[in-house]
Amino acid sequence: MAAGEPQADCLFCKILAGDVPATIVHETKDVVAFRDINPQAPTHILVIPRAHYANAGELGAEAPELAGALLAEAAVIATAEDIADSGYRIVFNTGAGAGQTVFHVHAHLLGGRGLSWPPG
Ligand code: 5GP
Ligand code: ZN
């Protein structure tokens, strides 16, 4: 399997292909953002690369420029969603033990309410 190639059994690759519907809020040639189906905050958006990498570690190691592009788009979306001034959180759950359930890397962009620290 070549790094970045679409995976037939990947939910987010299916969203990218248009085979599973999603509410897309922003897209570029490399990155797509859509609303989480089970939002944990008033704004809860998933920002993903079009290329399939399993998690943030793999993305950072194998495609660091793409990782940077993903973070840049998260910031653009935060401004567009009007959560930049009030503050927001970008989360990459990495590995099942940290709560990752979809193994196509995604940044959770969360905002629109107070966010406590430490996270659960
Ligand atoms: P993880 O647990 O891997 O960090 O995050 C996966 C996220 O994907 C969860 O927040 C979950 O609500 C969201 N999710 C799961 N299935 C779907 C879906 O079919 N559509 C959308 N938009 N989000 C989904
Ligand atoms: Zn995928």
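Above this note sits the structure.
Keep in mind that what you see is a predicted model, and the values were worked out from it rather than measured.

Reading guide: rules and limits
Residues numbered from 1 in each chain as written. Chains lettered and ligands numbered in written order. Predicted model: local features only at pLDDT ≥ 70, side-chain atom pairs only at ≥ 80, totals over all residues. Heavy atoms only, no water. Buried < 20%, exposed > 50% of the residue type's maximum accessible area, 1.4 Å probe, protein only. Helix = DSSP H or I, 4+ residues; strand = E, 2+ residues; numbered from the N terminus. Pairing = 2+ DSSP bridges. Core = buried A, V, L, I, M, F, W, Y, C linked by side-chain atoms within 4.5 Å.

Chemist: Would you take a moment to explain the pairing of strand S3 (residues 43-49) for this structure?
Modeler: Look at any regular strand and the pattern is simple: side chains alternate between the two faces of the sheet. Taken across its 7 residues, S3 has 7 buried, putting it largely inside the fold. Here S3 shows two buried faces, one formed by Thr43, Ile45, Val47 and Pro49 and the other by His44, Leu46 and Ile48. Sheet topology places strand S2 (residues 31-35) next to S3; 5 bridges connect them, and they run antiparallel. Counted as the bridge partner of valine 32 is isoleucine 48 from S3. Pairing of S3 with strand S5 (residues 107-111), which is carried by 5 bridges, proceeds in the antiparallel orientation. Directly across from isoleucine 45, in S5, lies its bridge partner leucine 109.

Chemist: Which parts of the structure should I look at to understand the nonpolar core?
Modeler: Inside soluble globular proteins, nonpolar side chains tend to come together where they are buried. Ranked by internal contacts, the top residues of the largest apolar core, which has 17 residues, are Ile45, Val47, Tyr53, Leu59, Leu70, Ile77 and Leu109. Those elements that place two or more of their residues in this core are S2, S3, helix H3 (64-80) and S5. Top contributing element to this core by residue count: H3, with 6 residues. Cys13, Val32, Phe34 and Leu46 belong to the second-largest nonpolar core, a separate cluster that totals 9 residues.

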